[in-house]
Structures are given as C-alpha cells and as structure tokens.
Amino acid sequence: MIEFSRGVDAAELAEILNSIVDLVLSEESDLLDLLSDGAQADFVVPLGMCAKMLSSGDYSAMELVSAANAVMYCAESHMSEFPDSLAQIVPQLPR
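The numbers attached to residues start from 1 for each chain and follow its sequence in the written order. Totals for whole chains, interfaces and linings use all residues, but because this is a predicted model, local features are given only for residues with pLDDT of at least 70 and pairs of side-chain atoms are given and counted only at 80 or more. Only hydrogens and water are set aside; all other atoms, that is, all heavy atoms of the structure, feed into the side-chain values.

## Description of the overall build of the chain
Applied cut-off: The helix and strand labels rest on DSSP assignments: H or I over at least four residues marks a helix, E over at least two residues marks a strand, and numbering proceeds from the N terminus. Computation of the radius of gyration draws on C-alpha atoms alone. For the globule rule, the value is 2.2 Å times the number of residues to the power 0.38. Accessible area is worked out with a 1.4 Å probe on protein chains only. A residue is then buried under 20% of its type maximum, exposed over 50%, and partly exposed in between. Residue contacts are defined here by distance: any two heavy atoms, one from each residue, within 4.5 Å place the two residues in contact.
For the chain, the helix and strand inventory stands at six helices and zero strands. Shown N-terminal to C-terminal, the secondary structure of the chain runs as helices and strands in the order α-α-α-α-α-α. The C-alpha radius of gyration of the chain comes to 13 Å, within 12% of the 12 Å expected for a compact globule of 95 residues. When its C-alpha atoms are laid out on the principal axes, the chain stretches across 35 × 25 × 20 Å. Split into buried and exposed, the 95 residues of the chain put 38% on the buried side. When contacts within the chain are restricted to residue pairs at least 6 apart in sequence, long-range pairs at least 24 apart make up 65% of them.

Here it is as structure tokens:
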C-alpha cells in the first residue's frame, strides 16, 4: 500500500473523491434518495467517512488511497444500480 500510495497523484485523487462526495452527499443533490437501501448502507457510510476526512484536510497520501479503496470496494457491488453520473466517476478511483 505504501508503494502504491507513492505513485498516486494525491491532489487528483482528492478531487475525484470530492466530486463523488458532492454528487452523492450535497444537499442540492437528490442522488442519495435514488440509491437502494443496500447501496446507502454499503456505499454511503464509507463515503461519509471519506467526506469528513477530506473536509478536515488532515490526511496523508496513504490515508487518502485507503479511503478511496474503501469507497471503491463498497461501491462495486452496486455499480449496476448507480445513476450514470455516479457510475462514470466511481471507476476513476484506484482498485
């Protein structure tokens, strides 16, 4: 994980994660309501934790990569039910 995190552009990864957070969790978005209960339980919880980390701005590259991996892992089983806007951005996260 340490080697992988060294090869990742942390600013770009934070931008992708922030885009996902804004798309799903912003008050102006109704996307959260479109997700199934299972997707909300599996995907939104780690995404919310990631949003908290991003908003604090206090994280290392390894923490950022770990958060992105958790979000991606939790999203994978729900990708088929995600709206196109979300289904297009989530795969940009590292696996």
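## Here's the deal with helix α2 (residues 10-25)
Using the following cut-off: Expected span, for any helix, means 1.5 Å times one less than how many residues it has. Think of the arc as the fan of directions from the helix axis to the C-beta atoms. Think of a polar contact as two N or O atoms within 3.5 Å of one another; within protein, one of them needs to be a possible hydrogen donor and the other a possible acceptor, and neighboring residues in sequence only count if both atoms come from side chains.
Here α2 spans 21 Å end to end across 16 residues, near enough to the 22 Å set by a 1.5 Å rise per residue. Turning to α2, its buried residues are Leu13, Ala14, Ile16, Leu17, Ile20, Val21 and Val24. The arc that holds the buried residues of α2, viewed along the axis, is 160°, so those residues lie on one side. Residues of α2 that are exposed and point over 90 degrees away from its buried face: Ala11 and Glu15. As for α2, its buried residues are in contact with α3 (31-34), α4 (37-56), α5 (61-76) and α6 (84-89). Looking at where α2 begins, the residue whose side-chain oxygen comes 3.2 Å from the main-chain nitrogen of Ala11 is Asp9.

## Observations concerning the confidence of the model for the chain
The criterion, for reference: For every residue, the predictor states its confidence as a pLDDT score lying anywhere from 0 to 100.
Model confidence for the chain is summarised by a mean pLDDT of 90, while 93% of its residues fall at 70 or above. Mean pLDDT across the elements of the chain bottoms out in helix α1 (residues 2-6) (56) and peaks in α6 (95).

## Regarding the nonpolar core
We apply this condition: Here, nonpolar core means buried Ala, Val, Leu, Ile, Met, Phe, Trp, Tyr and Cys residues that are tied together by side-chain atoms lying within 4.5 Å of each other.
By size, the foremost hydrophobic cluster in this structure holds 30 residues, and its most contacted members are Ile20, Phe43, Leu86, Val90 and Leu93. Elements that contribute at least two residues to this core include exactly α2, α4, α5 and α6. If you tally residues by element for this core, the top one is α4, at eight residues.

## Let's talk about the packing of α4 against α5
Put simply, the rule reads: To obtain an axis, a line is fitted to C-alpha atoms, over the contacting stretch when the element is a helix, and the angle between two such axes runs from 0 to 180 degrees between their N-to-C directions. For classification purposes, an angle smaller than 35 degrees is called roughly parallel, one larger than 145 roughly antiparallel, one from 65 to 115 roughly perpendicular, and anything else oblique. Left-handed describes a crossing whose near helix is turned anticlockwise from the far helix through less than a right angle; right-handed describes the clockwise counterpart. Here the term charged refers only to Asp, Glu, Lys and Arg, the term nonpolar to Ala, Val, Leu, Ile, Met, Phe, Trp, Tyr, Cys and Pro, and the term polar to all other amino acids, Gly among them.
Orientation of α4 relative to α5, taken along the N-to-C sense of each, is 160°, at an axis distance of 8 Å. By the angle between their directions, the pair α4 and α5 is classed as roughly antiparallel. For the pair α4 and α5, the sense of crossing is left-handed. Between α4 and α5, the residues in contact are Asp42, Phe43, Pro46, Leu47, Cys50, Met53 and Leu54 and Glu63, Leu64, Ala67, Val71, Cys74 and Ala75, respectively. Among the residues making up the contact of α4 with α5, the classes are represented as eleven nonpolar, no polar and two charged.

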